[in-house]
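# Chain and residue survey
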Amino acid sequence: MTPDFDFALGEDARMIQDAARRFATERIAPIAARIDAEDWFPRQELWPAMGELGLHGITVPQEDGGLGLGYLEHVVAQEEVARASASIGLSYGAHSNLCVNQIRRWANDEQKALYLPKLISGEHVGSLAMSEAGAGSDVMSMKLKAEKKGDRYILNGTKFWITNAPYADTLVVYARTGEGSKGITAFLIEKQYKGFSIGQKIDKVGMRGSPTAELVFDDCEVPEDNVMGPLNGGAAVLMSGLDYERTVLAGIQLGIMQACLDTVLPYVRERRQFGKPVGAFQLMQAKVADMYVALNSARAYVYAVARACDAGRTTRFDAAGAILLASENAVRVSLEAVQALGGAGYTRDWPVERYMRDAKLLDIGAGTNEIRRMLIGRELVGA
C-alpha cells in the first residue's frame with residue numbers, strides 16, 4: 001500500500017472517502033477491465049447503488065435530497081471512483097457536478113423539485129452540453145440556436161463531445177438566444193422532447209465506457225419553464241460552473257495516479273531481475289519516488305482549491321492551475337507506470353496501459369492545458 005499522508009480532510013470527507021473506496025473496490029474495480037474493453041457503461045449496475053450511498057448529491061443541500069456537503073468531499077469521492085475506473089469517474093463527474101451541481105446552483109425551486117430527486121437517486125443520468133464541433137475552447141462561439149415561439153423555445157443545431165449523452169435523461173444545455181456572450185441561455189432538456197436525438201457516438205482512445213456522443217436538435221421544443229437561470233445570462237451560469245468542474249474533475253487524475261502506484265509498488269517488490277527485486281535498484285526507487293511526489297503535490301493543490309471553493313474563495317486561475325497540475329502529473333505518472341512494468345506494461349494483461357490512455361483526456365477536456373495556461377498567465381500578468 002502507498003503511505004497515507006494525512007491531509008487533515010476532516011470527518012465528513014473521511015466518511016465519504018471510506019464509503020466511496022469500499023464501493024469502488026467491491027463494485028467498480030472488478031468490472032473495470034470489461035468497461036474499457038467493451039466500451040460498456042454499466043448504468044444499472046452502478047448508478048442506483050451510488051445514489052443509495054449519496055454520491056450523486058454530495059453538494060446538494062439536505063432539504064433538496066442531497067448530503068449538504070462540499071467540494072472537498074466531492075473531490076475525494078471522485079478520486080476513489082476514478083481509482084477503480086477513470087471512465088466511471090468521468091461519467092460520475094459529468095453527472096454529479098456538471099449536471100446536478102449546476103441545477104443545484106441555478107435552477108428554481110420547481111425545477112429542483114422536478115429533476116433533482118431522480119438524478120440524486122441514480123434512477124436518471126445527467127449530462128451537460130456546451131461544446132460544439134466548431135466551439136470548443138472558444139465556447140462562446142456556439143451556434144445552437146433557441147428561438148422563442150409562444151410558450152416554448154425551438155432549438156436547432158448540434159452539440160458535440162457530450163459525456164453521458166447516449167444515456168442522459170436530463171441535460172443542461174447552453175444555446176444562443178441573442179448575440180455575443182450576453183446572448184446565451186441555459187436550458188433543462190429531457191431526452192423525450194420532440195426534435196431531440198442522439199447523433200454519432202464517439203469512439204475514444206481512452207475513457208472507454210464513459211459514453212460520448214453528439215446531440216442533435218431539429219426543431220426541438222423546450223417549454224419556457226425550462227430556462228435555467230436568467231434569460232441571456234447563460235454565460236455567467238456556464239463560466240461560474242467551470243471553476244467547480246475543473247476542481248472536481250481533477251480528482252479523476254488523482255485517482256489514476258493512485259491506481260498507478262497501486263499496481264507498480266507490488267510489481268517492483270515481486271518482480272526479480274539479476275537476482276533481486278527490481279524495486280531494489282536505485283533507478284526504480286527514484287521512479288516510484290517521483291510518482292509518489294507527483295500524486296501528493298497534486299493532491300495538496302486540488303484539496304486546497306476544493307477547500308477554497310467551500311469557503312467561497314474560489315479563484316479561476318487556481319481552479320485551472322489545480323487541474324493543470326493534476327492532469328500533467330497523471331500523464332507523466334501513467335507513462336512511468338508503463339515503463340516500470342517494462343514489456344508487461346505495454347500489454348493489455350496489466351491495467352497501466354489503460355491508465356495511460358485514460359489520463360490523457362484531462363489534458364484536453366474541461367479546457368485544454370493551453371487554455372488553462374493562458375487563463376492563469378493572463379490573470380497573473382493582469383493583461
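This report concerns the structure included in the present document. (Residues numbered from 1 in each chain as written. Predicted model: local features only at pLDDT ≥ 70, side-chain atom pairs only at ≥ 80, totals over all residues. Heavy atoms only, no water.)

## Side note on the overall build of the protein chain
- What the protein chain contains, in helices and strands, is 11 helices and 10 strands.
- Across its three principal directions, the C-alpha atoms of the protein chain cover 80 × 45 × 40 Å.
- Scored against the burial criterion, the 383 residues of the protein chain give a buried share of 56%.
- At a minimum sequence separation of 6, the contacts of the protein chain that also span at least 24 residues come to 74%.
- As displayed, the protein chain has an accessible area near 16,100 Å², and 53% of this comes from carbon and sulfur atoms. (Helix = DSSP H or I, 4+ residues; strand = E, 2+ residues; numbered from the N terminus. Buried < 20%, exposed > 50% of the residue type's maximum accessible area, 1.4 Å probe, protein only. Contact = heavy atoms within 4.5 Å. Areas by Shrake-Rupley, 256 points an atom, 1.4 Å probe, with all protein chains shown as cover.)

## Topic: the packing of aromatic side chains
- Enumeration over the complete set of coordinates arrives at 10 aromatic pairs.
- Plain terms: the ring middles of Phe 5 and Phe 7 are 4.9 Å apart, the flat faces sit at 70 degrees to each other, and that makes the pair edge-to-face.
- Residue classification places Phe 7 among the buried positions, given a relative accessible area of 16%.
- Aromatic pair Tyr 71 and Tyr 244: ring centres 4.5 Å apart, planes at 10 degrees, arrangement stacked. One end of the pair, Tyr 71, is in helix H4 (residues 71-84); the other, Tyr 244, is in helix H7 (residues 234-270), with 173 residues separating them in the sequence.
- Given the relative accessible area of 6%, Tyr 71 is considered buried. (Phe/Tyr/Trp six-rings, centres within 6.5 Å; stacked < 30°, edge-to-face > 60°.)

## Section: the environment of Ile 252
- Relative to the assigned elements, Ile 252 resides in helix H7.
- For Ile 252, a relative accessible area of 0% corresponds to the buried category.
- Linking Ile 252 and Tyr 292, residues 40 residues apart in sequence, is a C-alpha distance of 16 Å.
- Every residue in contact with Ile 252, bar those within four places of it in the chain, is listed here: Gln 78, Ala 82, Ala 86, Gly 89, Leu 90, Met 207 and Leu 362.

## A short note on the pattern of salt bridges
- According to the stated counting rule, one finds 24 salt bridges in the structure shown.
- Between Glu 224 and Lys 148 there is a salt bridge, with its nearest N and O atoms 3.3 Å apart. Highlighted residues: Glu 224 in the loop between strand S7 (212-223) and strand S8 (227-228) and Lys 148 in strand S2 (residues 145-149), separated in sequence by 76 residues.
- The partly exposed category is assigned to Glu 224, whose relative accessible area is 37%.
- Exposure remark for Lys 148: the relative accessible area of 41% places this residue in the partly exposed category.
- Between Glu 221 and Arg 152 there is a salt bridge, and its shortest N-O distance comes to 3.5 Å. One end of the pair, Glu 221, is in strand S7; the other, Arg 152, is in strand S3 (residues 152-163), and 69 residues separate them in sequence.
- By relative accessible area, which is 27% here, Arg 152 ends up partly exposed.
- Salt bridges sharing partners connect three or more residues here, namely Arg 21, Glu 80, Arg 83 and Asp 262. (Salt bridge = Lys/Arg side-chain N within 4 Å of Asp/Glu carboxyl O.)

## Focus: unusual backbone geometry
- The backbone phi angle of Asn 164 is positive, close to 75 degrees, even though this residue is not glycine.
- Mapped onto the elements of the fold, Asn 164 is located in the loop between S3 and strand S4 (170-176).
- Phi is positive for Asn 232, close to 65 degrees, though the residue is something other than glycine.
- As for its position among the elements, Asn 232 is in the loop between S8 and H7.

## Some details on the nonpolar core
- Counting 120 residues, the largest nonpolar core has Ile 103, Leu 155, Tyr 174, Ile 189, Phe 217 and Ile 252 as its most contacted members.
- Ranked by residues supplied to this core, first place goes to H7 with 18 residues. (Core = buried A, V, L, I, M, F, W, Y, C linked by side-chain atoms within 4.5 Å.)

## Details of helix H8 (residues 282-310)
- Its 29 residues give H8 an end-to-end C-alpha distance of 42 Å, which sits within 8% of 42 Å, the value for a rise of 1.5 Å per residue.
- Gly 312 lies just past H8 and shows a positive phi near 75 degrees. (Expected span 1.5 Å × (residues − 1).)

## Points about the packing of H4 against H7
- At a minimum axis separation of 7 Å, H4 and H7 run at an interaxial angle of 40 degrees. It follows from the interaxial angle that H4 and H7 lie oblique. Where H4 crosses over H7, the handedness of that crossing is right-handed. Along the contact surface, H4 presents Tyr 71, His 74, Val 75, Gln 78, Glu 79, Ala 82 and Arg 83, while H7 presents Tyr 244, Thr 247, Val 248, Leu 249, Gly 251, Ile 252, Leu 254, Gly 255, Gln 258, Ala 259 and Asp 262. (Axes fitted to C-alpha atoms, helices over the stretch in contact; angles between N-to-C directions. Parallel < 35°, antiparallel > 145°, perpendicular 65-115°, else oblique. Left-handed = near helix turned anticlockwise from the far one by under 90°.)

## Notes on helix H5 (residues 86-106)
- The first and last C-alpha atoms of H5 sit 28 Å apart over 21 residues, in line with the 30 Å expected at 1.5 Å per residue.
- At Val 100, H5 is bent by approximately 25 degrees, the largest bend along its length.
- With 18 of 21 residues buried, H5 is to be regarded as a mostly interior element. (Bend = angle between axes of the 7 residues up to and from the residue.)

## Focus on the packing of H7 against helix H9 (residues 316-341)
- H9 packs onto H7 with a crossing angle of 20 degrees between their chain directions and a minimal axis gap of 8 Å. Between H7 and H9, the crossing angle belongs to the class labelled roughly parallel. H9 is crossed by H7, and the crossing has left-handed handedness.

## What to know about the side chain of Lys 159
- Looking at the secondary structure, you find Lys 159 in strand S3.
- Given a relative accessible area of 0%, Lys 159 falls into the buried group.
- A polar contact of 2.9 Å, which involves the side chain of Lys 159, links it to the backbone oxygen of Met 130.
- At a separation of 3.0 Å, a polar atom in the side chain of Lys 159 contacts the side chain of Glu 132.
- With residues up to four places along the chain from it excluded, the contact list for Lys 159 reads Ala 129, Met 130, Ser 131, Glu 132, Met 142, Leu 144, Val 173, Tyr 174, Ala 213, Glu 214, Leu 215 and Phe 217. (Polar contact = N/O pair within 3.5 Å; in protein donor to acceptor, adjacent residues only side chain to side chain.)

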